[in-house]
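Fold and geometry: a report
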Amino acid sequence: MQYKRILLKLSGEALMGNRQYGIDPKRLKEYAQEIKLVVDKGVEVAIVIGGGNIFRGVAGASNGMDRVQGDHMGMLATCINGLALQSALEDEGIHTRLQTAIEIKEIAEPYIKRRANRHLEKGRVVIFGGGTGNPYFTTDTAAVLRAIEINADAILKGTRVDGIYTADPEKDKDAVKYENITFKDVIEKGLKVMDMTAFTLSEENKLPIIVFDMNKKGNLMKLLSGEQIGTIVDN
Ligand code: GTP
């Protein structure tokens, strides 16, 4: 396997499948099955999942809601998605632990780095909920932060596009995909991979980011087997 320990970042919206809101059980199951394939190969998997399928702090703020209040709701949304994913993974027979950045002890373990590492060493999938535990930060930033803390070899950002393109492939048919690109080039070309806070944190800590299509069956496994899937951003 290409990497021993990964941080898989999943978007909340992806969990909607074809719905307008919430969680599509079919999509959830598909994700769990994809993850099981690589866990069975001995890859240590930590996951950060967004909450946009339920609530986005920024969207709340643009409708006049207090931003901090909105972000707190978003953090809870990521915990809801984390619980759903935990349940789906357990249905596939995978051992999991959910750790949250905000304490909700009756529901999940609080985030403790050393404990997370121990769980991963034992082959458990660890889901990190609650973002960074702070408003004004995205779940991409939470993903990079946790990836660095647990010494992940790479962050795998599962999206609905299959990599980073010269332009938005959904809008520009002439857009060309990069196989490799440096952090510096992403910034110079003004490409969007993650928000700046997440991106620079990743660059400073030499954590490679791989953007790939998580909705295509078998892609996660192929990527970890060393096939050229998606785009790799590194130093
Ligand atoms: P090891 O000591 O490595 O075996 O880890 P472990 O997580 O199995 O140990 P522990 O006995 O601490 O946990 C057993 C179960 O309790 C696991 O399912 C944990 O996720 C859960 N658990 C542990 N601490 C908390 C907590 O603070 N809140 C909640 N809700 N569950 C917890």
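Note: the structure precedes this text.
Owing to the predicted nature of the structure, the values given are computational and were not obtained by experimental measurement. (Residues numbered from 1 in each chain as written. Predicted model: local features only at pLDDT ≥ 70, side-chain atom pairs only at ≥ 80, totals over all residues. Heavy atoms only, no water.)

So, the overall build of the protein
Each helix and strand counted, the protein has eight helices and nine strands in total. By the compact-globule yardstick of 18 Å for 235 residues, the protein fits well, its C-alpha radius of gyration being 17 Å. Every one of the 235 residues in the protein was classed for burial, and the buried ones make up 51%. Taking the contacts inside the protein whose residues are at least 6 apart along the sequence as the reference set, 70% of them involve residues at least 24 apart. Surface exposure of the protein reaches about 11,500 Å², of which carbon and sulfur atoms provide 48%. When the 32 basic and 32 acidic side-chain charges of the protein are each reduced to a single mean position, those positions are 4 Å apart. (Helix = DSSP H or I, 4+ residues; strand = E, 2+ residues; numbered from the N terminus. Rg over C-alpha atoms; globule rule 2.2 N^0.38 Å. Buried < 20%, exposed > 50% of the residue type's maximum accessible area, 1.4 Å probe, protein only. Contact = heavy atoms within 4.5 Å. Areas by Shrake-Rupley, 256 points an atom, 1.4 Å probe, with all protein chains shown as cover. Lys, Arg positive; Asp, Glu negative; His and termini not counted. Charge placed at Lys NZ, Arg CZ, Asp CG, Glu CD.)

Let's talk about the pairing of strand β1 (residues 5–10)
The element β1 is largely enclosed, with a buried count of six among its six residues. Going residue by residue along β1, you find Arg5, Leu7 and Lys9 tucked away on one face and Ile6, Leu8 and Leu10 tucked away on the opposite face as well. In the sheet, β1 pairs with strand β2 (residues 44–49) via six bridges, with the strands oriented parallel. Paired with Leu10 across the strands is Ile49, a residue of β2. Each parallel crossover has a hand, and the one from β1 via helix α1 (residues 25–39) to β2 is right-handed. (Pairing = 2+ DSSP bridges. Right-handed = clockwise from strand over helix to strand, strands pointing away.)

Focus: the side chain of Thr100
Note on placement: Thr100 falls in strand β3 (residues 96–100). The residues contacting Thr100, other than those within four sequence positions of it, are Cys79, Ala108, Glu109, Pro110, Tyr111 and Gly129.

Structural notes on the site of the ligand
If you check the shell around the ligand, you find Arg97, Lys105, Glu106, Ile107, Ala108, Glu109, Pro110, Arg115, His119, Lys122 and Arg124 and nothing else. The contact in question runs from an oxygen atom of the ligand to an N or O atom on the side chain of Arg97, over 2.6 Å. Within the side chain of Arg115, an N or O atom sits 2.4 Å from an oxygen atom of the ligand. Out of a free accessible area of 620 Å², the ligand has 52% covered by protein chains. Sorting the residues of the shell around the ligand by element identifies β4 (109–110) and α4 (113–121) as the ones contributing at least two each. Looking at the shell around the ligand residue by residue, the classes come out as three nonpolar, one polar and seven charged. (Near = heavy atom within 4 Å. Polar contact = N/O pair within 3.5 Å; in protein donor to acceptor, adjacent residues only side chain to side chain. Nonpolar A, V, L, I, M, F, W, Y, C, P; charged D, E, K, R; others polar.)

A short note on the packing of α1 against helix α3 (residues 67–91)
Direction vectors running N to C along α1 and α3 enclose 60 degrees, while the axes themselves pass 9 Å from each other. The angle between α1 and α3 places the two elements in the oblique class. The element α1 and its partner α3 pack so that their crossing is right-handed. Across from Leu28, Ala32 and Ile35 in α1, the residues of α3 making contact are Ala84, Leu85, Ala88 and Leu89. (Axes fitted to C-alpha atoms, helices over the stretch in contact; angles between N-to-C directions. Parallel < 35°, antiparallel > 145°, perpendicular 65-115°, else oblique. Left-handed = near helix turned anticlockwise from the far one by under 90°.)

Things to note about the nonpolar core
Counting 36 residues, the largest nonpolar core has Leu8, Ile35, Ile47 and Leu156 as its most contacted members. Those elements giving two or more residues to this core turn out to be β1, α1, β2, α3, β5 (125–129), β6 (154–159), β8 (209–213) and α8 (219–224). In terms of residue count, the dominant contributor to this core is α1 (six residues). Dropping the residues within four chain positions of it, Ile47 is found in contact with Leu7, Leu8, Leu10, Ile35, Leu85, Leu89, Val125, Val126, Ile127 and Phe128. If you look at the next biggest cluster of nonpolar residues, it comprises 29 residues, including Val144, Val186, Leu191 and Ala198. (Core = buried A, V, L, I, M, F, W, Y, C linked by side-chain atoms within 4.5 Å.)

Remarks on the packing of aromatic side chains
This model, assessed by the stated rule, comprises two aromatic pairs. Considering the side-chain rings of Tyr111 and Phe128, the 5.4 Å spacing of their centres and the 85 degrees angle between planes classify their relative orientation as edge-to-face. Of this pair, Tyr111 sits in the loop between β4 and α4 while Phe128 is found in strand β5, placing the two residues 17 residues apart along the sequence. The ring of Tyr111 carries Arg146 above its face, with NZ or CZ at 3.6 Å from the centroid. (Phe/Tyr/Trp six-rings, centres within 6.5 Å; stacked < 30°, edge-to-face > 60°. Lys NZ or Arg CZ within 6 Å of the ring centre and 35° of its normal.)

Focus: the sheet that holds β8
Spatially, nine strands are ordered β4-β3-β5-β2-β1-β6-β8-β9-β7 in an open sheet, and the strand pairing comes out mixed. Strands with a single pairing partner mark the edges of an open sheet, and in this sheet they are β4 and β7 (180–182). Pairing analysis gives five bridges linking β1 to β6, with the strands arranged parallel. Bridge assignment links Ile6 to a residue of β6, and that residue is Ala154.

Read these as spatial facts, not as claims about activity.
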